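The residues making up each chain are set out below.
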Amino acid sequence: MRLYFKYLRMLVRSQLEYRESFIMTLLGQFLVSFSAFLGIYFILMRFHTVRDYTFPEILICFSSVLASFSLAECFARGFDAFPRLIKSGSLDRILLRPRGVAFQVLTSNLELSRAGRLLQAIFMLIYAVPRCGVVWTADKIATLAVMIAGGVLVFTALFILYAGFSFFTIEGLEFMNLFTDGVREFGQYPLSIYGEGVLKLFTYVIPVALFQYYPFLYLVGRSDDKRLALLPILGAVFILPCSLFFRLGLRRYKSTGS
Amino acid sequence: MIELNGVCKTFKVAKRNAGFREAAKSLFKREYTLINALSDVSFKIGDGETVGYIGPNGAGKSSTIKVMCGVLVPDSGECVIDGLVPWRKRKEHVRRIGAVFGQRSQLWWDVPVIDSLELIRDIYSVGEAEYKRTLSELVELLDIKDIIKTPARQLSLGQRMRCEIAASLIHSPKTLFLDEPTIGLDAVSKLAVRKFIKSINKSRGTTVILTTHDMQDIEAITDRIILIGRGRILLDGPLYELKGKGSEGKTIVIEYSGGGLPEIEGLTAVEDSGSHAKIAVDTALISVSEAIAAISSSVEIIDLSVSGQTVEELVASLYREFRI
C-alpha cells in the first residue's frame, strides 16, 4: 500500500510538469459534464418530472454515477489506457518487475484532470442534497456512500474488462465504450425510465442498476427495503469475473508475445 | 546458471494481401502463417560469463531474451535459470535479473531520474543502506552525477542510456540482459557504456547477455558468441576461437614507389595502381613478416598497414555461410 502511494506521488508529479495542459483539461472536463447537467435541467424545466422523478432526485442519481465514474476513471485509468500499454511494449517492462501485474497497470496511469468531473458531481450533490426531500439520517448518508463506492468498483471492473479485450484485439474496442461511457450517460436518470429490458440488462448482465437504481429507490424513500442499500456490494463482485478475464488475456499474451 | 534445452516457439501471424477487398475479407476469415521463431534452442551459460547473442534481424534473438526474462512462454522445451523456470516463478525470477532494452525506456519520462531510481528501489524493496551504496557506485562509474536531477525526457540518448543501465542495476541482479544497449549512441557514450558493462561483470561477477548489431560491442565486452539464425543456434563458442577461424587471411595496404610488386606464392594483389596497392596474404603459406620483407626488397615502401579480418567481416561471412 505504501508503494501504491509512492507510485501515485510519482504520477502526480509527472502531471504537474504540464500545468497549463492540466488546468485546461480539468476545465474541459468540468464544462462537458456541466452541459450534461444543463441538458437535464432544461428537460425538467419543461416537464417538471420524468416518470415521476423530480429534478433534485434525478440530480442525486446523476451526480452519484458521475462521481463513481470520475473516481474510477481517475484511479483505474491504467486499465482504460491499457491498449497503449500493449502497443508501446510497456507491458513487457511491467512483467519484468517483481510486483503484481494488475497492481502495476493500476499504477501506470493516473488521470487527475478527471477531477473536473468529480467537482461537477460534488456541486450537483451539494445542490440536490437539501432539495430532494430526503431526511439525511446516518443510514441514508451511508447508502449514498455505498452507492458511489460500489459504482467506482463496477466502473473499474468495466475498465478491467476493456483491458482484457485488448489482449485479443486492438481494433474494434470502441464497442466497449458503450458500456463505460454509455453507462455514465444512461446513468443520468434512474434506469427504470428506459423500460424493463434495459433495466434487466443493467441488473443481470452489467450490474449497474445494483449501485444506481435499487439503492436509489431506498435513498429517496420510494422503497423501505433496507436490503436495497446493500446491493452495490453485490454489484462490486462483478470485478471478479472481469479480473479473471484479464488474467486469461494475460496468459494468452505471454504465449503469443504480441 | 542459465540452461535452455530444446526451446521451441511458433508464432501465428495473420496474413492479408493488400487492397480494400482483402481487408474486408479478413474481417470474416483470416489466414495465418506459422513462423518458427525458435526451433530447438539449447545452450548453457555459466555464472559470470559474458555472452554476445548475435544474429540478423528476425533471427529469434528477442524471443529468446523474452523467454529468459519470463515474458514469453515457449511452446515446448525447458528453460531453467538459477533453479527457476522464469514464467512459472515470475516475481522471484525477475528480482534476480536486470534488463536494458535500448529502444525502450524504463524511466518515468517526466520526473528527474533520481525519482525513478527511488521508485525502483521501492519496487524491488532494496534496503536503504544497500541502495545508497549501489547508487553511489553506479553514479560514479557511469558518470551521471550531474544528470540524475534532470527529467528523463530532457536527457540526450547517451545520457539516458547510462541512466537506464543504472536503473536496471539498482537491485544488484545476478544476470543482466542487454538488448542493443549502444544503439544510436555517439562514440564517447558507446565507449563509456562498454567499459562500464565490462567492469560490472568483473567487479560483481554479473552474468552479461548482450544482443547487438555492433560488432565492436561484441569485441569489447563478450568472451563468447552464440549465433542464431532462423530460430536455430548455428554457432556457439569463445570469441577467440571464432576469430582464429576467420583470420587465415590478412591484408597489407601499402603506398609505394619504384619497381613492381613481387610475385610470390601466398601474395595476391587485390588492387594495384602503381603507387597504392592492397595485397591479400594467405597466412597459411607465408607469414606477414616474410611478406613485408619480400615486398620491401622489391619496392620502396612509403606507408604500410596490416589488418586482419574484423569481427564485422567475420560475422558477415558467417551469415553468408549459414545463409541467414
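Keep in mind that this is a model prediction, so the values were computed, not measured.

Engineer: I'd like to hear about the domain arrangement of chain B, residue by residue, with values.
Structural biologist: Partitioning chain B into structural domains gives domain 1 (45-243) and domain 2 (248-308). Centre-to-centre separation of domain 1 of chain B and domain 2 of chain B, based on C-alpha positions: 44 Å.

Engineer: Which residues make up helix H5 (residues 128-142) of chain B, and what values do they have?
Structural biologist: Residues and elements named next belong to chain B. For H5, built from 15 residues, the straight-helix expectation of 21 Å at 1.5 Å per residue is met to within 8% by its first-to-last C-alpha distance of 21 Å. Those residues of H5 that are buried are in contact with helix H4 (113-123), helix H6 (157-167) and helix H7 (187-204). Count one or two residues on from H5 and you reach Asp143, which has phi positive near 55 degrees.

Engineer: Describe the UniProt feature "transmembrane region" (unreviewed entry) in chain A, and please don't skip the residues or the numbers.
Structural biologist: All names here are of chain A. If you check UniProt for "transmembrane region" (unreviewed entry), the listed places come out as residues 21-43, 55-76, 118-138, 144-170, 191-216 and 228-250 in our numbering. In residues 191-216, the share of helix is 54% and the share of strand is 0%. The end C-alpha atoms are 10 Å apart. Across residues 228-250 one finds 78% helix and 0% strand; the C-alpha atoms that close the span lie 36 Å apart.

Engineer: Please set out the sheet that holds strand S6 (residues 175-179) of chain B residue by residue, giving values where relevant.
Structural biologist: Residues and elements named next belong to chain B. Pairing in this open sheet of 6 strands is mixed, and the strands run S5-S6-S7-S3-S8-S9 from one edge to the other. The open sheet has two free edges, formed respectively by strand S5 (97-101) and strand S9 (232-238), since each of these has just one partner strand. Shown here is a sheet whose adjacent strand axes are inclined to one another by a mean of 15 degrees, direction ignored.

Engineer: Now, about the interface of chain B and chain A: what can you tell me, with residues and values included?
Structural biologist: Between chain B and chain A, the contact holds 24 residues from the first and 19 residues from the second. Secondary-structure elements contributing two or more residues to the side of chain B that touches chain A are helix H2 (61-69), helix H3 (90-95) and H4 of chain B. Split by residue class, the side of chain B that touches chain A holds 13 nonpolar, 3 polar and 8 charged.

Engineer: Before we move on, could you go through the pairing of strand S11 (residues 267-272) of chain B and cite the residues and values that matter?
Structural biologist: All names here are of chain B. Two strands pair when backbone bridges link them, and S11 and strand S12 (residues 276-282) are joined in this way by 5 bridges, in the antiparallel orientation. Residue pairing across strands places Thr268 opposite Ala280, the latter belonging to S12. Linkage of S11 to S12, two consecutive antiparallel strands, is achieved through a turn of 3 residues, within which Gly274 is found at a positive phi near 100 degrees.

Conventions adopted
Residues numbered from 1 in each chain as written. Chains lettered and ligands numbered in written order. Predicted model: local features only at pLDDT ≥ 70, side-chain atom pairs only at ≥ 80, totals over all residues. Domains from an automatic or database assignment. Helix = DSSP H or I, 4+ residues; strand = E, 2+ residues; numbered from the N terminus. Expected span 1.5 Å × (residues − 1). Contact = placed C-beta atoms within 7 Å. UniProt positions renumbered as here; feature names shortened; annotations may be inferred. Pairing = 2+ DSSP bridges. Axes fitted to C-alpha atoms, helices over the stretch in contact; angles between N-to-C directions. Nonpolar A, V, L, I, M, F, W, Y, C, P; charged D, E, K, R; others polar.

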